Amino acid sequence: MSSSARQQWSFLPNKKHGDTADDKDDSGKSKTDGESSKLEAPDLKDVRMSRGVRPEMDVDFEKLRTLCVYDEHGNELRFMELFAKQKTIVIFIRHFLDFVAKEYAEDLALIPKQLLKEANVGLVVIGPSPYKFIQSFKTLTNYQHALYCDPERQVYRALGLHEKMAVGDLKNSRHVKSNPVMGVLRSVWRAMQSQEYQGNTKQQGGAFILGPGEQAHFCHQDTSSADHMNINDLLVEVGVQPVSFPKDQRVITI
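Residues numbered from 1 in each chain as written. Predicted model: local features only at pLDDT ≥ 70, side-chain atom pairs only at ≥ 80, totals over all residues. Heavy atoms only, no water.

A. Quick peek at the packing of aromatic side chains. Evaluation of the coordinates by the stated rule reveals seven aromatic pairs. Between Phe92 and Phe208, the aromatic rings sit 5.8 Å apart at their centres with planes inclined by 80 degrees, giving edge-to-face as the arrangement. On the criterion of sequence distance, the pair formed by Phe92 in strand 3 (residues 87-92) and Phe208 in strand 6 (residues 206-210) is long-range, its members being 116 residues apart. Residue Phe92 is classed as buried on the basis of its relative accessible area of 1%. For Phe208, a relative accessible area of 0% translates into the label buried. Ring geometry for Phe96 versus Phe137: centroids 4.2 Å apart, planes at 10 degrees, classification stacked. Note that Phe96 is positioned in the loop between strand 3 and helix 3 (99-108) and Phe137 in helix 5 (residues 134-141), a separation of 41 residues in sequence. Assessed through its relative accessible area of 3%, Phe137 is described here as buried. Ring pairing ties together the aromatic residues Phe61, Phe79, Phe83, Phe92, Tyr156 and Phe208, which thus form one cluster. (Phe/Tyr/Trp six-rings, centres within 6.5 Å; stacked < 30°, edge-to-face > 60°. Helix = DSSP H or I, 4+ residues; strand = E, 2+ residues; numbered from the N terminus. Buried < 20%, exposed > 50% of the residue type's maximum accessible area, 1.4 Å probe, protein only.)

What follows is the structure in structure tokens.
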């Protein structure tokens, strides 16, 4: 696994020479430009995951070799085939009626396929819902990348993803646009229309960068519904340029 899975980073603002007392040495003289340049923001290649320090997680590929997921037609596919030939971002979301999962998928839908193709990187989303809800979820979110289901949650369990009811603080989410009250109301309304559960409501998700083959480059287990990875952090980790999302603007129009 990449060591970046457990390191922190922060962007330091560019400081002009003489802005603060920090720009002076012990004798009161100003530091040289070379010394001051150490405070400049790092290049993207030096960026590391901003997820806090967490224990590394080992992926037990032995447990995964026989496990399958399902496409929208109910066809079985070995989970490990999803990342057998290329490095792949594999994201596990919560049930399809969850407004957090919906709005996260809406932002994933904004990633241009061409960007992933140029970097030879795959993107796969897996949900814990019955496969018959895949097409309606894709239509609802406009998500057109690969989407599969693990209704028995065997892959979720093999990867140690948490099964607990835990609601996190969404105020810092880069991908949830609704306030919690309106989000819950919309989820309830969709559930009333569906009249069916679309996945276990306790199941939390996670994000992984796997492949090609039995390689795990990055692993993150969501501890709550709000603990999803920032999508641009994942893109930077696999060498794909960041994308502008409604709450994470990366392109400034003048």
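B. Representation of the pairing of strand 6. Counted residue by residue, strand 6 has five buried out of five residues, so it is predominantly covered. Of the two faces of strand 6, both are covered, the one formed by Gly206, Phe208 and Leu210 as well as the one formed by Ala207 and Ile209. Relative to strand 6, strand 3 runs antiparallel, the two sharing five bridges. If you follow Ile91 over to strand 6, its bridge partner there is Ala207. Sheet analysis places strand 6 next to strand 7 (residues 216-221), joined by five bridges and oriented antiparallel. Within strand 7, the residue paired with Leu210 across the bridge is Ala216. Counting the residues that bridge the hairpin from strand 6 to strand 7 gives five residues, and of these Gly211 lies at a positive phi of roughly 90 degrees. (Pairing = 2+ DSSP bridges.)

C. Representation of helix 3. Counting buried residues along helix 3, nine of its 10 residues qualify, which places the element largely inside the surrounding structure. All of the buried residues in helix 3 are Phe99, Val100, Ala101, Lys102, Glu103, Tyr104, Ala105, Asp107 and Leu108.

D. Broad picture of the environment of Asp60. Locating Asp60 in the fold gives a position in the loop between helix 1 (33-36) and helix 2 (61-64). Judged by relative accessible area, Asp60 falls into the partly exposed class, the value being 34%. Among the polar contacts made by the side chain of Asp60, one reaches the main-chain amide nitrogen of Glu62 at a distance of 3.1 Å. (Polar contact = N/O pair within 3.5 Å; in protein donor to acceptor, adjacent residues only side chain to side chain.)

E. How the structure looks around the pattern of salt bridges. Going through the model one piece at a time under the given rule, you end up with six salt bridges. Between Glu72 and Lys138 there is a salt bridge; the shortest N-O distance is 4.0 Å. Highlighted residues: Glu72 in the loop between strand 1 (68-70) and strand 2 (76-78) and Lys138 in helix 5, separated in sequence by 66 residues. Overall, the relative accessible area of 12% leaves Lys138 in the buried class. Between Arg94 and Asp98 there is a salt bridge, with its nearest N and O atoms 3.1 Å apart. For the pair formed by Arg94 and Asp98, the shared burial category is buried. (Salt bridge = Lys/Arg side-chain N within 4 Å of Asp/Glu carboxyl O.)

These results come straight from atomic positions and should not be treated as a statement about function.
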